[in-house]
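# An overview of the molecular structure
Here's the letter readout for the chains.
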Amino acid sequence: MQESVFAAIVRALDAGDDAALVTIIAARGSTPQRVGAKMLVFADGRTVGTIGGGCYESDAAGKARESLRTRQPRVATYDLTDDVAEETGLICGGRMEVFIEPLDAAPHLYVIGAGHVSQHLARLAGDVGFRVHVVDDRSAFANPERFPTAVDVTAEDIEHYLRTTPMPGTAFVVVVTRGHTHDLDALRALAGRSLRYLGMIGSRAKVKQVGDALLADGAPPEWVRAIHAPIGLRIGAITPEEIAVSIVAELIAVRRGATTDRAAVGQPMRWSTLGS
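Along each chain, residue indices are assigned from 1 in the same order as the chain's sequence is written. Local features are withheld for residues below a pLDDT of 70 in this predicted model, meaning they are given only at 70 or higher, and side-chain atom pairs are given and counted only at 80 or more; totals for whole chains, interfaces and linings count all residues. Neither water nor hydrogens contribute to the side-chain values; these are computed over all heavy atoms in the structure.

### Comments concerning the nonpolar core
The definition of a nonpolar core used throughout is a set of buried Ala, Val, Leu, Ile, Met, Phe, Trp, Tyr and Cys residues joined through side-chain atoms within 4.5 Å. Residue exposure (1.4 Å probe, protein chains only): buried if accessible area is under 20% of the type maximum, exposed if over 50%, otherwise partly exposed. Counting residues in hydrophobic clusters, the biggest one holds 28 residues, and the most contacted among them are Ile 112, Leu 162, Met 167, Val 173, Leu 198 and Leu 214. Counting only elements with at least two residues in this core, the list comes to β6 (108-112), α5 (158-164), β9 (172-175), α6 (180-190), β10 (197-200), α7 (204-216) and α8 (221-225). Among residues more than four places away in sequence, those in contact with Leu 162 are Ile 112, Met 167, Ala 186, Ala 189, Leu 190 and Arg 193. Helix and strand definitions follow DSSP, with helices as H or I runs of at least four residues and strands as E runs of at least two, each counted in order from the N terminus. What makes two residues a contact is simply this: any of their non-hydrogen atoms within 4.5 Å.

### As for the sheet that holds β10
The sheet built from five strands is open, its strands ordered β8-β7-β6-β9-β10 with parallel pairing. Each having just a single partner strand, β8 (152-155) and β10 make up the two edges of the open sheet. Ignoring which end each strand starts from, the neighbouring axes of this sheet average 15° apart. The axes are straight lines fitted to the C-alpha atoms, using for helices just the contacting stretch, and the angles between their N-to-C directions are given from 0 to 180°. Along the sheet, helix α4 (residues 116-127) contacts β6, β7 (131-136) and β9; its crossing angle with β7, the most-contacted strand, is approximately 165°. Pairing between strands is defined by DSSP: at least two bridges between the two strands are required.

### Overview of unusual backbone geometry
In this model, Ala 229 is joined to Pro 230 through a cis peptide bond whose omega is -10°. For Arg 71, which is not glycine, the phi torsion reads 65° and is therefore positive. By the element assignment, Arg 71 lies in the loop between α2 (54-70) and β4 (74-79).

### What to know about helix α1 (residues 2-15)
Here the expected span of a helix is defined as 1.5 Å times the quantity of residues minus one. Along its 14 residues, α1 runs 20 Å from first to last C-alpha, staying within 8% of the 20 Å computed at 1.5 Å per residue. Every buried residue of α1 is accounted for by Val 5, Ala 8, Ile 9 and Ala 12. Down the axis of α1, the smallest arc covering the buried residues is 105°, so these residues share one side. Projecting away from the buried face of α1 at angles above 90 degrees are the exposed residues Glu 3, Val 10, Arg 11 and Asp 14. Looking at the buried side of α1, the elements it contacts are β1 (19-28), β2 (38-42) and β3 (47-49). To be clear, the arc concerns the directions from the helix axis to the C-beta atoms.

### Let's talk about α6
Since the α-helix advances by 3.6 residues per turn, residues separated by three or four positions end up pointing in the same direction. Taken as a whole, α6 has its buried residues at Asp 183, Leu 184, Ala 186, Leu 187, Ala 189 and Leu 190. If you follow the buried residues of α6, they end up packed against β6, α5, β9, β10, α7 and α8.

### Here we look at the packing of α4 against helix α9 (residues 240-255)
With their axes 8 Å apart at the nearest point, α4 and α9 run at an angle of 45° to one another. Judged on the interaxial angle alone, α9 and α4 are oblique. For α4 against α9, the interelement crossing comes out right-handed. Contacts from His 116, Val 117, His 120, Leu 121, Leu 124 and Ala 125 of α4 reach α9 at Pro 240, Glu 241, Ile 243, Ala 244, Val 245, Ile 247, Val 248 and Leu 251. Note on terminology: angles under 35 degrees are roughly parallel, angles over 145 are roughly antiparallel, angles of 65 to 115 are roughly perpendicular, and the others are oblique. Should the near helix be turned anticlockwise from the far one by less than a right angle, the crossing is termed left-handed; should it be turned clockwise, right-handed.

### Describing the sheet that holds β1
Spatial strand order, β3-β2-β1-β5-β4: five strands in an open sheet with antiparallel pairing. The open sheet is flanked by β3 and β4, the only strands paired with a single partner. Here the average twist between neighbouring strands, direction ignored, is 20°. Direction of pairing for β1 relative to β2: antiparallel, over a ladder of five bridges. The partner of Val 22 across the bridge, within β2, is Met 39. Packed onto the sheet, α1 meets β1, β2 and β3 and runs at close to 35° relative to β2. The strands touched by α2 within the sheet are β1, β2, β4 and β5 (95-102), with β2 carrying the most contacts at an inclination of about 50°.

### Regarding the environment of Leu 190
Here Leu 190 is to be found in helix α6. Sequence-wise, Leu 190 and Glu 159 are 31 residues apart; in three dimensions their C-alpha atoms are separated by 8.7 Å. Once residues lying within four places of it in the same chain are set aside, the contact partners of Leu 190 are Leu 162, Met 167, Val 173, Leu 198 and Trp 223.

Below, the structure written as structure tokens:
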């Protein structure tokens, strides 16, 4: 059983999937599993392995999914001598503690656009643990020589790439193309897709124009509202290097589940058509 859990952990880390490991760290009395028993819980509710079954295992799985949301580990305690054991038909008793630990898989970051900001962004993001994919429709810009640390660099029509490339729900996407039209095409291709993070560079006027166009196309308002735009932390960034720092800082905050003062962060898109 443990082998299947370890194999699932390796697959999850390789794929960048959200998963949390639940491990029994203390057991007293007649518990269904021994110290060290493990269960892997995915964000969609799938599990691999067991810590003994019953409703306490279901409760631990729920707490694991919450830890994935907060990115915080925790310890949960279960008293198997109480009514829980009786109601679930368990014949065991005792007390058990489990440690719930979100796996820190290196997330996939898709950088859409291969300009100057993207060059610095890709390098910085790779340095802090993101697996970076770069795409642009210009081979003179999208090439391994300009992005030596990226997992892959693709020279292809941006909209086609985004419509045909599968991305995990844990993926981060940064839209930093060379112009308004390409940004809008990229977001149209991504409309409604579940992502951990989606951000777009640009002025507030550009953000409003792009957002209104997405809404007119029928993009879900809640999806549009969740876009980080203007992108990045407000640090007064001016140069491409500084802008890349501000973007990567925001990516780290989202990845780590940090509570950040929204007054200091690129606000989600908002327009009069969406209300306040």
